[in-house]
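Chains, contacts and geometry: an overview
Now for the letters of each chain:
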Amino acid sequence: MKLSNKFTLVRIIFAPVFFLLYYIPIWTGNFTFSSLLIALPCLIFAEFTDYLDGHYARKHNEVSDFGKLFDPFADVILHLTTFVCFMKSANPEISYLPVVILLLIMLREFSQNFLRMVAAKKGVAIAARKGGKLKTVMYVVSEFYALFLEILVRTDNIPSSWQTLKTVSLVLFIVCVVCSYVSFIDYLVHFGSTLKSE
């Protein structure tokens, strides 16, 4: 496997690792904060591999149609996994991500992957466009912000402005939905013709 694709694979491997680290304290009541001490650097490195795979693909001339499909697939696996985590908190009364927002994001991502598969069947590899990259940035910002709030919960450092902080988290996830659908429409405009003959 090429080095760039190995970095991409890291995101797929780290997704269930992050899930377990996040949920073990919720399931067991133990390792409430220590689990996040491990989960946070794991998530940081996993997201950093999104830069590394592109960097080394260009540096070593490893840009390929497989990589153009594998990279966004790994992104979806990691981001949907982290978003599922943020539907729950160590505090059972707290949730950072409403189920309707997660559902809208999932529908977008599955639709986008379907478009990529149809295009690949016709010999067209859909690379990330600017709108898709902006969407990914918003996903990353939102997940780290929600993780920051969960750290506050697990360390019993909830400030008086908690409701405002939670509202900001909700707004960020709503922006994620908007960015995801705007970028999907952009992909449809540029690659939707691949569906017309089906």
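Here's a quick rundown of the structure. (Residues numbered from 1 in each chain as written. Predicted model: local features only at pLDDT ≥ 70, side-chain atom pairs only at ≥ 80, totals over all residues. Heavy atoms only, no water.)

Of the regular secondary structure elements, the protein holds 7 helices and 0 strands. The order of α-helices and β-strands along the protein, N terminus first, is α-α-α-α-α-α-α. Relative to the compact-globule value of 16 Å for 198 residues, the protein shows a C-alpha radius of gyration of 18 Å, a close match. Seen through its C-alpha atoms, the protein measures out along the principal axes to roughly 55 × 35 × 25 Å. The buried share of the protein, reckoned over its 198 residues, is 44%. Nonlocal contacts in the protein, meaning residues at least 24 apart in sequence, comprise 80% of its contacts between residues at least 6 apart. (Helix = DSSP H or I, 4+ residues; strand = E, 2+ residues; numbered from the N terminus. Rg over C-alpha atoms; globule rule 2.2 N^0.38 Å. Buried < 20%, exposed > 50% of the residue type's maximum accessible area, 1.4 Å probe, protein only. Contact = heavy atoms within 4.5 Å.)

Judged by side-chain polarity, Val-99, Val-100, Leu-103, Leu-104 and Leu-107 come together as a nonpolar surface patch covering roughly 430 Å² of accessible area. Position of Leu-103 relative to the elements: it lies in helix α4 (residues 99–121). Taking relative accessible area as the criterion, Leu-103 reaches 44% and is therefore assigned partly exposed. (Patch = residues over 30% accessible without salt bridge, like charges linked within 9 Å, V, L, I, M, F, W, Y side chains within 5 Å. Areas by Shrake-Rupley, 256 points an atom, 1.4 Å probe, with all protein chains shown as cover. Salt bridge = Lys/Arg side-chain N within 4 Å of Asp/Glu carboxyl O.)

Here Glu-109 is to be found in helix α4. Within polar-contact distance, the side chain of Glu-109 engages the side chain of Lys-135 at 3.2 Å. Residues contacting Glu-109, with those up to four places away along its chain left out, are Val-76, Leu-80, Lys-135 and Tyr-139. (Polar contact = N/O pair within 3.5 Å; in protein donor to acceptor, adjacent residues only side chain to side chain.)

A few words on unusual backbone geometry. Excluding glycine, residues mostly have negative phi values, and the peptide bonds linking residues are mostly trans. Not every positive phi belongs to a glycine, and Phe-31 is a case in point at roughly 55 degrees. Its place among the elements puts Phe-31 in the loop between α1 (3–28) and α2 (34–59). Residue Asp-156 is not a glycine yet carries a positive backbone phi of 55 degrees.

Overall, the coordinates contain 15 aromatic pairs when judged by the stated rule. For the pair Phe-86 and Tyr-96, a centre-to-centre distance of 6.5 Å together with 75 degrees between the ring planes defines the contact as edge-to-face. Of this pair, Phe-86 sits in the loop between α3 (65–85) and α4 while Tyr-96 sits in the loop between α3 and α4; the two residues are 10 residues apart in sequence, bridging distant segments of the chain. When sorted by exposure, Phe-86 lands in the same class as Tyr-96, which is buried. Ring pairing ties together the aromatic residues Phe-18, Phe-19, Tyr-22, Tyr-23, Trp-27, Phe-86 and Tyr-96, which thus form one cluster. The ring of Tyr-187 has Arg-116 lying over it, and the distance from NZ or CZ to the ring centre is 5.5 Å. One residue, Arg-154, lies across the ring of Tyr-22, its end atom 4.7 Å from the ring centre. (Phe/Tyr/Trp six-rings, centres within 6.5 Å; stacked < 30°, edge-to-face > 60°. Lys NZ or Arg CZ within 6 Å of the ring centre and 35° of its normal.)

Worth remembering: the numbers are spatial, not functional.
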